[in-house]
Amino acid sequence: MHVVIMGCGRVGSTLARSLEDRNHTVSVIDQNSDAFRRLGPGFNGDKVAGMGFDREVLLKAGIKRAEAFAAVSSGDNSNIISARVAREEFGIQQVVARIYDPGRAEVYQRLGISTVATVKWTADQVLRRLLPAGAEPDFRDMSGNIRIDQVVMPESWVGERTIKFQRQSGARIAWIDRLGEGIIPVRESVIQEGDVLHIVMREENTAQAYKTIKNGPEED
């Protein structure tokens, strides 16, 4: 697909190269043409100097044939305006905006513009590494009701079926990291030593799930 990126800083240039490596076509917009040097000599996409919310600039970047738009400049206002123009004027459904203010990010999330609140995301990543297991999830949905946690399974669960863990914990296993490979469990799957489970559960079931993990399986 064709993707238009507004902002050629470290995030925008890395995103552009990553998309191109995956065989997508990319146009990058930045008001400072010197910023395009971050893309490197191997970048084959379009480089458009200008403001990402300027209609003519967007047209030059191929917005009419784009399927996605990312606003990742260093300015919240520019990102918000550009994202809204891409979505509301050009009908782009896949729109993501980088927003430093988490309060504003939540507002635009509700308007249908996916946002990445940089400061909050970084703080959450640090929290997950500081606090005990279960204190902070890997992901929580917008309502705050559903969470995904990453759990290293203790020895007491080795050899038990995944379906038994799900039944006793009240959580669902989205996938298992096993020896560097992601595995989606089936009914016959068994927990092995070193497995890391990514479990989905309701917020109110968190305490029960972690109690089950710690105490080990009960006899059926």
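Use the structure listed above.
K.L.:
Explain helix H6 (residues 162-169) here, please?
P.N.:
Think of an α-helix as turning once every 3.6 residues; residues three or four places apart then point the same way. Counting buried positions along H6 gives 6 out of 8 residues, so the element sits mostly inside the fold. For H6, every residue scored as buried is listed here: Thr162, Lys164, Phe165, Gln166, Gln168 and Ser169. Next to the buried residues of H6 lie strand S9 (172-178), strand S11 (196-202) and helix H7 (206-215). Backbone geometry just after H6 places Gly170 at a positive phi near 80 degrees.

K.L.:
What am I meant to see in unusual backbone geometry here?
P.N.:
Note: most peptide bonds trans; most residues except glycine with negative phi. If you check the backbone angles, Asn23 has positive phi at about 70 degrees while not being a glycine. Tracing the backbone through its elements, the reader meets Asn23 in the loop between helix H1 (10-21) and strand S2 (25-30). You will see that Leu179, though not glycine, has its phi angle at about 55 degrees, which is positive. Position of Leu179 relative to the elements: it lies in the loop between S9 and strand S10 (181-183). Judged by its relative accessible area of 85%, Leu179 is exposed.

K.L.:
Help me out: how do you make sense of the pairing of strand S5 (residues 94-99) in this one?
P.N.:
Regular strands have side chains that alternate between both faces of the sheet. Here strand S4 (residues 68-71) runs beside S5; their pairing, made up of 4 bridges, is parallel. Directly across from Ala70, in S5, lies its bridge partner Val96. Handedness of the crossover joining S4 and S5 through helix H3 (residues 76-89): right-handed. Here S5 runs beside strand S6 (residues 114-117); their pairing, made up of 4 bridges, is parallel. For Ala97, the partnering residue across the bridge sits in S6 and is Thr115.

K.L.:
Before we go on, may I ask you to explain the packing of aromatic side chains in this structure?
P.N.:
The description of an aromatic ring pair rests on the distance of the ring centres and on the angle between the ring planes. Applying the stated criterion across every chain yields a total of 1 aromatic pair. Relative to Phe165, the ring of Trp157 has its centre 5.3 Å away and its plane inclined at 90 degrees; by these criteria the two rings are edge-to-face. There is no split in this pair, since Trp157 and Phe165 are both buried.

K.L.:
In this structure, what is going on with the pattern of salt bridges? I would like to understand it.
P.N.:
Should the charged atoms of two oppositely charged side chains come close, the side chains can pair. Inspection of the entire model under this criterion finds 7 salt bridges. Taking the shortest distance from any N to any O, the salt bridge between Asp149 and Arg147 comes out at 2.8 Å. Overall, Asp149 belongs to the buried group, its relative accessible area being 1%. Judged by relative accessible area, Arg147 falls into the buried class, the value being 1%. Among the ionic pairs, Asp195 bridges to Arg178, the shortest N-O distance being 2.7 Å. Of this pair, Asp195 sits in the loop between S10 and S11 while Arg178 sits in strand S9; the two residues are 17 residues apart in sequence, bridging distant segments of the chain. For Asp195, a relative accessible area of 0% puts it in the buried group. One salt-bridge network, held together by shared partners, links Arg147, Asp149 and Glu203.

K.L.:
Can you walk me through the sheet that holds strand S8 (residues 146-152) in this structure?
P.N.:
The pairing of strands in a sheet happens through backbone hydrogen bonds and is either parallel or antiparallel. A sheet is described by the order of its strands in space; here 5 strands give the open sequence S7-S8-S11-S9-S10, paired in antiparallel fashion. Among the strands making up the open sheet, the edge pair consists of strand S7 (139-140) and S10. By the bridge criterion, 2 bridges tie S7 to S8 in an arrangement that is antiparallel. Note that in S8 the partner of Arg140 across the bridge is Arg147. Across the face of the sheet, H6 comes into contact with S9 and S11 while running at roughly 135 degrees to S9.

Rules used in this analysis
- Residues numbered from 1 in each chain as written.
- Predicted model: local features only at pLDDT ≥ 70, side-chain atom pairs only at ≥ 80, totals over all residues.
- Heavy atoms only, no water.
- Buried < 20%, exposed > 50% of the residue type's maximum accessible area, 1.4 Å probe, protein only.
- Helix = DSSP H or I, 4+ residues; strand = E, 2+ residues; numbered from the N terminus.
- Contact = heavy atoms within 4.5 Å.
- Pairing = 2+ DSSP bridges.
- Right-handed = clockwise from strand over helix to strand, strands pointing away.
- Phe/Tyr/Trp six-rings, centres within 6.5 Å; stacked < 30°, edge-to-face > 60°.
- Salt bridge = Lys/Arg side-chain N within 4 Å of Asp/Glu carboxyl O.
- Axes fitted to C-alpha atoms, helices over the stretch in contact; angles between N-to-C directions.

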